[in-house]
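Residue-level structure breakdown
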Amino acid sequence: MNGYVEHINIQVSQPEKTIHFLLTALPEWTIRGEGQIPDWQGSASGIKHVGIVVESIDAIISRLNKIGYEVDHWSGEYPYRRSAYFIDDNNLEIEFIEYFTDERVLRNDYSQ
């Protein structure tokens, strides 16, 4: 499997306006999290992190460790996914996600 960008976690001052803009431009899109606006409201706008789905987190960690990068932090423990965050040389936070299911609802379940 090739990795792919799954999400970009952003912070904006008026999330409702960004949601309206995106859903007008792309009406077939849906909002993950059932429309809840978590922690992406703030006084400044910008990218918080980029989430990339990969086949093996262990392989990613091994390759990045070999060139001097260490895991910045792990996500919480969830039964259907595992993810690790790295900070690149431009101070961009990248989340690498390995899923253990193809079921979208389970992939996005943060209740456990």
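Quick notes on the rules
- Residues numbered from 1 in each chain as written.
- Predicted model: local features only at pLDDT ≥ 70, side-chain atom pairs only at ≥ 80, totals over all residues.
- Heavy atoms only, no water.
- Buried < 20%, exposed > 50% of the residue type's maximum accessible area, 1.4 Å probe, protein only.
- Patch = residues over 30% accessible without salt bridge, like charges linked within 9 Å, V, L, I, M, F, W, Y side chains within 5 Å.
- Areas by Shrake-Rupley, 256 points an atom, 1.4 Å probe, with all protein chains shown as cover.
- Salt bridge = Lys/Arg side-chain N within 4 Å of Asp/Glu carboxyl O.
- Helix = DSSP H or I, 4+ residues; strand = E, 2+ residues; numbered from the N terminus.
- Pairing = 2+ DSSP bridges.

1. Side note on unusual backbone geometry
The phi torsion at N91 lies on the positive side, around 65°, for a residue other than glycine. Classification of N91 by relative accessible area gives exposed; the value is 64%.

2. Brief notes about a nonpolar patch on the surface
The grouping of F21, L22, L23, W29 and I31 at the surface amounts to a nonpolar patch, some 460 Å² of accessible area in total. Along the chain, F21 falls in helix α1 (residues 15-25). We classify F21 as exposed; its relative accessible area is 58%.

3. Focus on the pairing of strand β5 (residues 93-99)
Burial of β5 is extensive: seven of the seven residues sit out of reach of the surface. Sheet analysis places strand β4 (residues 81-87) next to β5, joined by seven bridges and oriented antiparallel. The partner of A84 across the bridge, within β5, is F96. In this antiparallel pair of consecutive strands, β4 and β5, the connection spans five residues, and N91 shows a positive phi of 65°.

4. Comments concerning the environment of H20
Here H20 lies in helix α1. Look at H20 and you get exposed, because its relative accessible area is 58%. Each C-alpha atom of the pair H20 and T30 lies 11 Å from the other, and the pair is 10 residues apart in sequence.

5. Brief notes about the pattern of salt bridges
In this structure the tally under the stated criterion is three salt bridges. D58 is paired through a salt bridge with R82; the nearest N and O atoms lie 2.7 Å apart. Of this pair, D58 sits in helix α2 (residues 57-66) while R82 sits in strand β4, placing them 24 residues apart in sequence. Residue classification places R82 among the partly exposed positions, given a relative accessible area of 27%. Residues D102 and R107 are paired through a salt bridge, measuring 3.6 Å at the closest nitrogen-oxygen approach. D102 gets classed as exposed once you look at its relative accessible area, which sits at 72%. Its relative accessible area of 15% is what places R107 among the buried residues. Here the salt bridges share partners, and the residues they tie into one network are D58, R82 and E98.

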